[in-house]
Amino acid sequence: MMAYIEHVALWTRDLAASAAFWQQYFGAQISAVYRSQNRPGYQSIFVSLEKGTRIELMTGPWVNRIQDYEFEGWSHIAISLGSELAVNDKASELARAGFDVKGPRHTGDGYYEAAFTAPGISWLKY
């Protein structure tokens, strides 16, 4: 299994301004806006830097509301494991080890993912 960081994600209250910042100051390519059919109000844009690093900018009307636990700033790190089978295996391994694992599942924006809490870190996705 070859694991690598697929992308990192940031919550923002201003999706357009955040994307424009990365484009203007770092020459990033900006994706089309993704609008979730499953979570009304959720939108994201992928920012692609020159050597393939991607940042997912995410927003929703709940960002920074204390009861929703999604605050402006870092959200998650997505680690690619290379296949759905590898995701299934890793999710099973982590669940057996006692970690809180959500998924695996297919997301509306085309990922097959599982998320888990790691010691000292909130959620990681793979």
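Presented here is an overview of the structure given in this document.

Conventions used here
Residues numbered from 1 in each chain as written. Predicted model: local features only at pLDDT ≥ 70, side-chain atom pairs only at ≥ 80, totals over all residues. Heavy atoms only, no water. Phe/Tyr/Trp six-rings, centres within 6.5 Å; stacked < 30°, edge-to-face > 60°. Lys NZ or Arg CZ within 6 Å of the ring centre and 35° of its normal. Helix = DSSP H or I, 4+ residues; strand = E, 2+ residues; numbered from the N terminus. Buried < 20%, exposed > 50% of the residue type's maximum accessible area, 1.4 Å probe, protein only. Contact = heavy atoms within 4.5 Å. Patch = residues over 30% accessible without salt bridge, like charges linked within 9 Å, V, L, I, M, F, W, Y side chains within 5 Å. Areas by Shrake-Rupley, 256 points an atom, 1.4 Å probe, with all protein chains shown as cover. Salt bridge = Lys/Arg side-chain N within 4 Å of Asp/Glu carboxyl O. Core = buried A, V, L, I, M, F, W, Y, C linked by side-chain atoms within 4.5 Å.

## Details of the packing of aromatic side chains
Enumeration over the complete set of coordinates arrives at four aromatic pairs. A network of ring pairs unites the aromatic residues Trp11, Tyr34, Tyr42 and Trp62 as a single cluster. A cation sits over an aromatic face here: arginine 54 above phenylalanine 46, 4.0 Å from the ring centre.

## What to know about the side chain of serine 18
Relative to the helices and strands, serine 18 resides in helix α1 (residues 15–26). Note on serine 18: relative accessible area 18%, which makes it buried. Those residues in contact with serine 18, other than ones at most four positions away along the chain, are Thr12 and Leu57.

## Side note on a nonpolar patch on the surface
Taken together, the side chains of Phe21, Tyr25 and Phe26 present a nonpolar region at the surface, about 350 Å² in accessible area. Tracing the backbone shows tyrosine 25 in helix α1. Under the relative-accessibility criterion, tyrosine 25 is labelled exposed at 55%.

## A closer look at the nonpolar core
Core analysis: the largest hydrophobic core is formed by ten residues, namely Val8, Leu10, Leu15, Ala19, Trp22, Ala28, Ile45, Val47, Ile55 and Leu57. Tallying contributions element by element places α1 first for this core, with three residues. Setting aside anything within four residues of it in sequence, one finds leucine 15 in contact with Val33, Gln43, Ser44, Ile45, Leu57, Met58 and Thr59. Core analysis: the next-biggest nonpolar cluster, separate from the first, contains nine residues, Ala86, Ala91, Leu94 and Phe116 among them.

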